[in-house]
Amino acid sequence: MKKIYNEYVEFMGNSKSVYISSISEHRGGVAPEISYSPCIVDEDKNIYILVSTLSKRTESLIAQRNVSLMFIEPEEQCEEIYVRTRLIFLCSTSLILRWNGVWWLKIPLFKEKFGDIIDTLTSLEDFKMFRFRPIRGTFVKGFGKAYTIEGKEMDQISHISFTAGEKM
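Residues numbered from 1 in each chain as written. Predicted model: local features only at pLDDT ≥ 70, side-chain atom pairs only at ≥ 80, totals over all residues. Heavy atoms only, no water.

### Some points on the overall build of the protein chain
So, point 1. Summing up its helical and strand segments, the protein chain has four helices and nine strands in all.
So, point 2. Mapped in sequence order, the helices and strands of the protein chain form the string α-β-β-β-β-α-β-β-α-α-β-β-β.
So, point 3. Compactness check: the protein chain gives a C-alpha radius of gyration of 17 Å against a globular reference of 15 Å for 168 residues, within 12% of the reference.
So, point 4. When its C-alpha atoms are laid out on the principal axes, the protein chain stretches across 50 × 40 × 35 Å. (Helix = DSSP H or I, 4+ residues; strand = E, 2+ residues; numbered from the N terminus. Rg over C-alpha atoms; globule rule 2.2 N^0.38 Å.)

Have a look at this one:
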């Protein structure tokens, strides 16, 4: 399973963006929301994004609710649309306060990956940084090639057995 571990870590590290599924309060109830954001991933598999508070989804992130994240293979690169390679994590959410140590460590990584736009975004007070820490996940590589990801280091990988009734 070390090979699968290395594949999923490389897959998420090479991704430029991540889809974010969250729950927001809407007219007295809750409503699911989905969005995407450019991201960086650190050596501990934490995912970081910079987003504006002008976006609807940011309210839910500020409330630090758990989210589901999905990294997915671009459509134009997949061999079969029904089995695009994808990595899905349930994550905890943390707001990274502006200008603290983590902020200073991660902003250069954003700039390296995305260029000078980061200088503009960080100059705007409405942009916030969030960190998502994976709790558990699923890595799908193709038909019958689905794996659960668990453990403190997200390094406990097991094949999902559909014949045993397991679900992704």
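Don't stop here, the text continues.
### Focus on the nonpolar core
So, point 1. Counting residues in hydrophobic clusters, the biggest one holds 25 residues, and the most contacted among them are Tyr8, Ile49, Phe71, Leu87, Phe89 and Phe132.
So, point 2. Contributing elements (two or more residues each) for this core: helix 1 (2-14), strand 1 (17-26), strand 4 (47-52), strand 5 (67-72), strand 6 (86-96), strand 7 (127-142) and strand 8 (145-150).
So, point 3. When residues of this core are assigned to their parent elements, the largest contribution, five residues, is made by helix 1.
So, point 4. Setting aside residues no more than four positions away along its own chain, Phe132 makes contact with Ile20, Lys45, Asn46, Ile47, Ile49, Leu61, Val67, Leu69, Cys91, Ser92 and Thr93.
So, point 5. In this structure, Ile40, Ile96, Leu121 and Phe127 belong to the second largest nonpolar core, which totals 11 residues. (Core = buried A, V, L, I, M, F, W, Y, C linked by side-chain atoms within 4.5 Å. Buried < 20%, exposed > 50% of the residue type's maximum accessible area, 1.4 Å probe, protein only. Contact = heavy atoms within 4.5 Å.)

### Looking at the packing of aromatic side chains
So, point 1. Within the structure shown, the criterion is met by seven aromatic pairs.
So, point 2. Arranged with centres 5.0 Å apart and planes meeting at 35 degrees, the rings of Trp99 and Trp104 form a pair that is tilted.
So, point 3. Linked through ring pairs, Tyr5, Tyr8, Phe11, Phe89 and Phe139 together constitute an aromatic cluster. (Phe/Tyr/Trp six-rings, centres within 6.5 Å; stacked < 30°, edge-to-face > 60°.)

### So, a nonpolar patch on the surface
So, point 1. The grouping of Tyr19, Ile34 and Tyr36 at the surface amounts to a nonpolar patch, some 350 Å² of accessible area in total.
So, point 2. Position of Tyr19 among the secondary structure elements: in strand 1.
So, point 3. You can call Tyr19 partly exposed: its relative accessible area is 37%. (Patch = residues over 30% accessible without salt bridge, like charges linked within 9 Å, V, L, I, M, F, W, Y side chains within 5 Å. Areas by Shrake-Rupley, 256 points an atom, 1.4 Å probe, with all protein chains shown as cover. Salt bridge = Lys/Arg side-chain N within 4 Å of Asp/Glu carboxyl O.)

### Observations concerning a negative patch on the surface
So, point 1. Taken together, the side chains of Glu43, Asp44, Glu153 and Asp155 present a region of like negative charge at the surface.
So, point 2. Along the polypeptide, Glu153 turns up in the loop between strand 8 and strand 9 (156-159).
So, point 3. Among the residues examined, Glu153 registers a relative accessible area of 44% and is labelled partly exposed. (Lys, Arg positive; Asp, Glu negative; His and termini not counted. Charge placed at Lys NZ, Arg CZ, Asp CG, Glu CD.)

### So, unusual backbone geometry
So, point 1. For Lys45, which is not a glycine, the phi torsion comes out positive at approximately 70 degrees.
So, point 2. Relative to the helices and strands, Lys45 is located in the loop between strand 3 (40-41) and strand 4.
So, point 3. With a phi angle near 55 degrees, Met154 is a residue other than glycine that sits in the positive phi range.
So, point 4. Within the fold, Met154 resides in the loop between strand 8 and strand 9.

### Regarding the side chain of Asp42
So, point 1. Considering the arrangement of structural elements, one finds Asp42 in the loop between strand 3 and strand 4.
So, point 2. Within the local environment of Asp42, its side chain forms a polar contact with the side chain of Tyr48, the two groups lying 3.2 Å apart.
So, point 3. The residues touching Asp42, leaving out its near neighbours within four places in the chain, are Tyr48 and Lys106. (Polar contact = N/O pair within 3.5 Å; in protein donor to acceptor, adjacent residues only side chain to side chain.)

### Let's talk about the pattern of salt bridges
So, point 1. Scanning all chains against the criterion turns up five salt bridges.
So, point 2. The partner of Glu75 in a salt bridge is Arg84, and the shortest N-O contact between them spans 3.6 Å.
So, point 3. Salt bridges here are not isolated pairs; linked through shared partners, they connect Lys3, Glu7 and Lys141.

### Description of the pairing of strand 6
So, point 1. Alignment of strand 5 against strand 6, held across six bridges, turns out to be antiparallel. Of the residues in strand 6, the one forming a bridge with Leu69 is Phe89. (Pairing = 2+ DSSP bridges.)

### As for helix 3 (residues 101-114)
So, point 1. In this model helix 3 runs 21 Å from its N-terminal to its C-terminal C-alpha over 14 residues, within 8% of the 20 Å that 1.5 Å per residue would give.
So, point 2. For helix 3, the complete set of buried residues consists of Trp103, Lys106, Ile107 and Phe110. Each buried residue of helix 3 sits inside an arc of 120 degrees when the element is viewed along its axis, so together they form one side. Every exposed residue of helix 3 that faces more than 90 degrees away from the buried side is listed here: Trp104, Leu105 and Glu112.
So, point 3. Where helix 3 is buried, its residues touch strand 3, strand 4, strand 6, helix 4 (117-123) and strand 7.
So, point 4. Sitting at the amino-terminal end of helix 3 is Asn100, which places a side-chain oxygen 2.9 Å from the backbone nitrogen of Val102.
So, point 5. Just downstream of helix 3 lies Gly115, where phi reads positive at about 90 degrees. (Expected span 1.5 Å × (residues − 1). Arc of directions from axis to C-beta.)

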